[in-house]
Amino acid sequence: MAVDSIDPDLADFARAAGLVLPGETPVWTPLAGGVSSDIWRLDAGGRTVCVKRALAKLKVADDWQAPVNRNLFEWRWLETVRIHFPESVPRPIALDEARGVFAMEFLAAADHPLWKARLLAGEADPAFAAQVGARLGQIHAATARDPAMAARFPTGALFHALRLDPYLLATARRRPEVALAIEALVARTAATHLALAHGDVSPKNILIGPHGPVFLDAETAWYGDPAFDLAFCLNHLLLKALVAPAARSDLRASFAALSRAYLAQVTWEPADDLEGRAASLLPGLFLARVDGKSPVEYLTLQAQKDQVRRTAIPLLKSPPTRLAAVQAAWDATLDD
């Protein structure tokens, strides 16, 4: 539903960027999104764009603050990926670095359904999951071992504030029995700088486009460990089995297809090394979605959360080196 008034900062940005021309009456409609930004559909003069502004305090129950300059690095991630794979991101249109706002192409849901919605509806397509894995690996390969790219994304502190602390370290504080294991994962991840990572590769940030996956919401873009992106995405395919049990077989096949397609693109290091990091990190991220600062909203039952813990905690104590081992452990828990 459109709003009657809009923040003057956003109105000024839209006029300065030429998104609203003199004499036009803009229509601002809030869009559903994640917890970290205000996102708007802006209609004016027959044109439609998406406007995004980062929030200083994220919309979660815990106190979670983050620098708003992440908006700039999301813009840079979009620019970078568009050079190599223009069909895989919305077209960036205008940036106001001082205001922490940018505009990008608006992609209608009719042509670009959300992958998360499909998964929650029990529609898990291994072929699309393979496309996600392949494209993610290609993005990493195109940016790997590039000092200039690393200099363009000096976002280690931002990644810590948005991912390592609220997901992993917050979980370590709440689960002292695996705190040392999680802290070791954090230290290793923070010290690994190999490629441009998105930082939030989740089905809620992936559209099913006419030409394959379209990636959104790269606020946590970071020149770091690409294994984080792989583990972060696979995590959601595990979790969805709790709320879409009829799709469990297809979710398992999607997990395997995404893993294979991604690992086939790994050229910057031995694929086994990257898989080992992703496999050992995955249980930490799995546990974080019930015990961290950003729990998934669709796991509402204590029994569901306990199933996650029963899988993740033993794996953190005895880390796997293969992604299939994590899936197997989860299958065993679900079978029980």
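As shown above, the structure is provided for reference.
This one's a predicted model, so the numbers in the text were calculated from it and none came from an experiment. (Residues numbered from 1 in each chain as written. Predicted model: local features only at pLDDT ≥ 70, side-chain atom pairs only at ≥ 80, totals over all residues. Heavy atoms only, no water.)

### With respect to helix 10 (residues 271–291)
The following threshold applies: Helix and strand assignments follow DSSP, with helices taken as H or I runs no shorter than four residues and strands as E runs no shorter than two, numbered in order from the N terminus. Here a helix's expected span is defined as the number of its residues, less one, multiplied by 1.5 Å. Axes are fitted to the seven residues ending at a residue and to the seven starting at it; the angle between these axes is taken as the bend at that residue. The classification of residues rests on relative accessible area computed with a 1.4 Å probe and restricted to protein chains. Under 20% of the type maximum is buried, over 50% is exposed, and intermediate values are partly exposed.
For helix 10, which comprises 21 residues, the first-to-last C-alpha distance of 30 Å matches the rise-based estimate of 30 Å (1.5 Å per residue) to within 8%. Along helix 10, the helix axis deviates most sharply at Leu282, where the bend reaches about 30°; the proline Pro283 sits within four residues downstream. Most of helix 10 sits out of view: 18 of its 21 residues are buried.

### Considerations on the pairing of strand 5 (residues 101–105)
The condition that has to hold: Here the rule is simple: two strands pair whenever DSSP picks up at least two bridges between them.
Among the five residues of strand 5, four are classified as buried, and the element is accordingly described as predominantly covered. Note that strand 3 (residues 47–54) and strand 5 share five bridges and pair antiparallel. Bridge assignment links Cys50 to a residue of strand 5, and that residue is Met104.

### Some words on unusual backbone geometry
It is generally the case that most residues other than glycine have a negative phi and that most peptide bonds are trans. Its identity as a non-glycine residue notwithstanding, Arg145 has a phi of 50°, on the positive side. Judged by its relative accessible area of 54%, Arg145 is exposed. Despite not being glycine, Asp217 shows a phi value in the positive range, around 55°. By secondary structure assignment, the location of Asp217 is in the loop between strand 8 (212–215) and strand 9 (222–224). Assessed through its relative accessible area of 14%, Asp217 is described here as buried.

### Here's the deal with helix 9 (residues 248–263)
What counts is decided by this rule: Any two residues having at least one pair of non-hydrogen atoms within 4.5 Å are treated as being in contact.
When the terminal C-alpha atoms of helix 9 are compared, their 23 Å separation across 16 residues agrees well with the 22 Å that a helix rising 1.5 Å per residue should span. Within helix 9, burial applies to Arg248, Leu251, Ser254, Phe255, Ala257, Leu258, Ser259, Ala261, Tyr262 and Leu263. Next to the buried residues of helix 9 lie helix 3 (115–120), helix 4 (126–143), helix 8 (226–239), helix 10 and helix 12 (323–335).

### Things to note about the side chain of Lys52
How we decide: The term polar contact refers here to a pair of N or O atoms within 3.5 Å; inside protein, the definition further demands a hydrogen-donor-capable atom paired with an acceptor-capable atom, and it admits residues adjacent in sequence only when both atoms are side-chain atoms.
Considering the arrangement of structural elements, one finds Lys52 in strand 3. In terms of polar contacts, Lys52 uses its side chain to reach the side chain of Glu74, at 3.0 Å. Setting aside anything within four residues of it in sequence, one finds Lys52 in contact with Ser37, Asp38, Ile39, Asn71, Glu74, Gly100, Val101, Phe102, Asp217 and Glu219.

### With respect to empty space enclosed by the protein
Inclusion rule: Cavities and pockets are found on a 1 Å grid laid over the protein atoms alone: a cavity is a set of points where a 1.4 Å probe fits but cannot escape, a pocket is an open set with protein on both sides within 12 Å along at least five of seven lines, and a lining residue has an atom within 4 Å of such a point. Grid points are joined across faces, edges and corners, and a volume is the space filled by probe spheres set on the points. Under the convention adopted here, Pro, Cys and the residues Ala, Val, Leu, Ile, Met, Phe, Trp and Tyr are nonpolar, Asp, Glu, Lys and Arg are charged, and Gly plus all remaining residues are polar.
Using the criterion set out here, one finds one cavity of 30 Å³ or more in the structure. In this model, the largest cavity occupies a volume close to 50 Å³. Contributing to the lining of the largest cavity are Leu237, Leu238, Ala241, Arg248, Leu251, Arg252, Gln327, Trp330, Asp331 and Leu334. Elements that contribute at least two residues to the lining of the largest cavity include exactly helix 8, helix 9 and helix 12. Considering each element in turn, the lining of the largest cavity owes the most residues, four residues, to helix 12. A per-class count over the lining of the largest cavity returns six nonpolar, one polar and three charged.

### Looking at the packing of helix 6 (residues 156–174) against helix 7 (residues 179–191)
Two numbers describe a pair of packed helices, the interaxial angle and the distance between the axes. Keep this limit in mind: Axis geometry follows a simple rule: fit a line to the C-alpha atoms, using only the stretch in contact for helices, then measure angles between N-to-C directions, giving values from 0 to 180 degrees. In this scheme, roughly parallel covers angles under 35 degrees and roughly antiparallel covers those over 145, while 65 to 115 is roughly perpendicular and the rest are oblique. Each crossing gets its hand from how the near helix is turned against the far one by less than a right angle, where anticlockwise is left-handed and clockwise is right-handed.
Remark: helix 6 packs on helix 7, axes separated minimally by 8 Å, with the N-to-C direction vectors making an angle of 165°. The orientation of helix 6 with respect to helix 7, classified from their angle, is roughly antiparallel. Of the two possible hands of crossing, helix 6 and helix 7 adopt the one that is right-handed. Between helix 6, through Phe159, Leu164, Leu168, Leu169, Thr171 and Ala172, and helix 7, the contact on the second element is made entirely by Ala179, Ile182, Glu183, Val186, Thr189 and Ala190. Its residues assigned to classes, the contact of helix 6 with helix 7 shows nine nonpolar, two polar and one charged.

### A word on the pattern of salt bridges
Defined as follows: Basic side-chain nitrogens of Lys or Arg form a salt bridge, by our definition, when they fall within 4 Å of a carboxyl oxygen of Asp or Glu.
Counted by the stated rule, this structure contains 30 salt bridges. Between Arg277 and Asp225 there is a salt bridge, with the nearest N and O atoms lying 2.8 Å from each other. Residue Arg277 is found in helix 10, and its partner Asp225 is found in the loop between strand 9 and helix 8; the two are separated by 52 residues along the sequence. Using a relative accessible area of 12% as the deciding quantity, one classes Arg277 as buried. Residue Asp225 is classed as buried on the basis of its relative accessible area, which comes to 1%. By sharing partners, the salt bridges in this structure join Asp9, Asp12, Arg15, Asp96 and Arg99 into a single network.

### Let's talk about the environment of Pro154
Within the element layout of this structure, Pro154 appears in the loop between helix 5 (147–152) and helix 6. Taking C-alpha positions, Pro154 is 9.0 Å from Phe73, a pair spaced 81 residues apart along the chain.

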